[in-house]
Amino acid sequence: MTARDLWQAFSLADRDPDALALGDLTRRTAVDRVTELAQRLRAQGVRPAQHVGLQGPNRPEWVLGLLALIAAGACPLLLPADSPPAETHRLLRTAGARRTLVVDPDGADWAVLTGESEGAGRGLAASESGSEPDSEPPAHAPGTLLLASSGSTGTPKVVGRSPRSVLDEGIRYHRAGLARPDDRVLLPLPLSHAYALGWLAGALVAGAHVDPVPPRAVGAVHARLRERATVLVTVPGLARVLARRRALADDAPFPALRRVMAGAGYVDAELDALWTRTLGVGVSRNFGSSETGAVLWGEPGLPSGAVGHPMPGVRVDLLDPEGRPLPGSGAAQGELAVVLEDGSNHRLHDLADRDEHGVHRILGRARLGVVRRGARWVSTMEVESVLRTAPGVADLSVTATGPDDSDDQGLTVEYVPADPELAAPRRLQAYARAELAAYKVPDSFQPRYRLRRSAVGKAQAAPVYRLAAARPDTPAEQVLAAALAELGLPPLLAGGAAAADLARTAGLRADVLSPVLDTACALGLLATDSDSAGPPDAGVYPPDVVLAGRALAARVRGDAVDEGPRPPAAPAGPPPPDAGLRAAVAGLLAQAAVDGTPLEIGDGGVPQSADAEYGACVVVGGVHGPAARLGPLAALLRPEGLLVVADTFVSDPLALTDETSRTTVVRWLVDGHLHWWTAQELRAGLEAVGLRVEEIRAAEQAPYTVLTARKTS
């Protein structure tokens, strides 16, 4: 490979210029658009080695923007598309980037450069685009890619990857046969992530067709597989969703699909078997870091947690506690270290086993993911993999407790229960004792309403909340402000505090307080960054708002809540389901040819007298009632029985962008609802109680979504 960077590798490739190369774009069209944009960027003052943010959705235009910045000699800072503005500003400051290339494929101008160039007056645009850096950023060579490292490795930081480093990683994929010239590589991953970037480099180096789609676009993935995609690059969480999707399984096998690669997470044998059984292709493994790119990979059929052999051009060592490479190439255990093509050495701070065949199994992060318990090492990822299969567990994370240098650390499980009885802590503990060796059983099991995760599914640390300067103007904002004041939290939030600390200090229920704080952040009343301001002005609220705030505060305290007449709707909830929605549900039931009369369940939850097995159950507007429990709901269905849910959901509870969603979420909080705010969260909960979700679609009667599922046999 004689190219010096990804742009040259793409533009100089000896391939058919009229063949599709990037989404629906031919190679000739893509090269022309990159060339034109690079010229425009230079004309707008982008200089070689200047740090410029890149932000936009997972579409071909994002790749064009990346290549154009490289062609212009800039150092692109890859900004996650799902980052809130405060996090984006922090990353821009850290990298010293005052300008951002914003990609909007549907806009009049698909790529817009915002902010002010260095040396110009800061002005409004400059402050919005990143403001002054916290300190002088390191100098990088032109074309260096700047990546935001994963928060799961500690405090997020910006990692610089030289053009040669990224190109070398692409060559590894090509030499290993993972990316070939005739491939159509499907990338439903955040392109700003190091794992996706490596595969993008591999496809560009190989001259393959690259097709980036949004991470959660399951329907688009299905369509591309039918259009003969040959390689699907995914993460374990999305791989599970895809393998269980009815449409994909019905269309399988996909004759052109030759490889499914899952990285950036723990791949267990169950996931591999699920793909092999349902779609005919097992799951390959991938492992690496932001600094090095991918360094290990393995074929399907490996044991849980195994990631295979070193990639071509990479030497992988295991280090002893003193940092010395362990001799030989046989079975051993130690900290991973790699030597890359350029001779550079990198300690990855991950612990791994290596068997007698040279296959590596990742145990977890040293000091974070691997804990010492007596004379034994325990991998938190292994414990997570086992406990995820427990009945009623919708999501789960295992972390170590105690000093890093302790030889007897503790383990804590935080999990989202699909039903508080089915997945009670005592039951999950009993399951752990039955499935794990005694030294692997965690000490504590803590139910949570939601676990924060990144776009590639990695668990994220609990945030620190601070007061923001937003004024509560709408009824939804006023209800939350009144509740925070009723709880006496503003003085505690002035300096910043985590939800668990606030709950301990003020004697509150952490599981109810967390969604209240998250919603207050989504509405702008609180912030999770260091740029927050002082408390908002205290207001005098209408009586109905005060009543709703007091009811919410009582739930956070754990006090008995008067379940009599609700306070006047402030804010109002969604409109009641109309005849059109009920007709649509009836049509679904008719198509399914249900045996017997379906049971309809409303806001009151499952009737106590309903103990028979039904062929179908319908829940219209009842999932978000205080009594909504998924375990008893699943128990009502006979095997292969059909469940139809029609209810309101929000797209992202941490980023409420419209007033309808804000009003809906606050209403749920006042009513005592903590779970299943998104359709995907409900999917995870239903699957945890033994149901197979077949379809999720928006109803014509906004704001409802209709979800159908069957009870597995």
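Everything here concerns the structure above.
Attention in this report is confined to the structure presented alongside it.

The rules behind each value
Residues numbered from 1 in each chain as written. Predicted model: local features only at pLDDT ≥ 70, side-chain atom pairs only at ≥ 80, totals over all residues. Heavy atoms only, no water. Helix = DSSP H or I, 4+ residues; strand = E, 2+ residues; numbered from the N terminus. Buried < 20%, exposed > 50% of the residue type's maximum accessible area, 1.4 Å probe, protein only. Contact = heavy atoms within 4.5 Å. Pairing = 2+ DSSP bridges. Axes fitted to C-alpha atoms, helices over the stretch in contact; angles between N-to-C directions. Parallel < 35°, antiparallel > 145°, perpendicular 65-115°, else oblique. Left-handed = near helix turned anticlockwise from the far one by under 90°. Nonpolar A, V, L, I, M, F, W, Y, C, P; charged D, E, K, R; others polar. Phe/Tyr/Trp six-rings, centres within 6.5 Å; stacked < 30°, edge-to-face > 60°. Lys NZ or Arg CZ within 6 Å of the ring centre and 35° of its normal.

1. Details of the environment of A21
In step 1: By the secondary structure assignment, A21 is in strand β1 (residues 20-22).
In step 2: Assessed through its relative accessible area of 1%, A21 is described here as buried.
In step 3: In this structure, the C-alpha to C-alpha distance between A21 and A203, residues 182 residues apart in sequence, is 9.7 Å.
In step 4: Dropping the residues within four chain positions of it, A21 is found in contact with F10, T26, R27, A208, H209 and V210.

2. A few points about the sheet that holds strand β25 (residues 464-467)
In step 1: If you walk across this open sheet you meet the three strands as β26-β25-β27, and the pairing is antiparallel. Of all the strands in the sheet, the pair left with one neighbour each is β26 (497-498) and β27 (526-527).
In step 2: Looking at chain direction, β25 and β26 are connected through two bridges and run antiparallel. Paired with V464 across the two strands is A498, which belongs to β26.

3. Quick look at the packing of helix α16 (residues 499-506) against helix α17 (residues 510-522)
In step 1: Running from amino to carboxyl end, α16 crosses α17 at an angle of 125°, the nearest separation of the two axes being 9 Å. Looking at the two axes, α16 sits oblique to α17. Where α16 crosses over α17, the two elements pack in a sense that is right-handed. Taking contact as the criterion, the partners of A499, L502 and A503 in α16 are, on α17, A510, L513, S514 and L517.
In step 2: Looking at the contact of α16 with α17 residue by residue, the class counts come to six nonpolar, one polar and no charged.

4. Topic: the packing of aromatic side chains
In step 1: Here the structure, examined in full by the defined rule, presents three aromatic pairs.
In step 2: Connected via pairs of aromatic rings, a cluster forms that spans Y449, W668 and W677.
In step 3: One Lys or Arg, R33, reaches over the ring of W110 and ends 4.7 Å from the middle of that ring.
In step 4: Seen from the ring of W677, R450 lies directly overhead, with NZ or CZ sitting 4.9 Å from the centre.

5. Considering the packing of helix α3 (residues 60-71) against helix α7 (residues 194-206)
In step 1: In contact at an axis separation of 13 Å, α3 and α7 are set at 80° when each is read in the N-to-C sense. One way to sum up the angle between α3 and α7 is to call them roughly perpendicular. Within the contact between the two elements, α3 uses W62, V63, L66 and L67 and α7 uses L197, L200 and L204.
In step 2: Here the residues of the contact of α3 with α7 sort into seven nonpolar, no polar and no charged.

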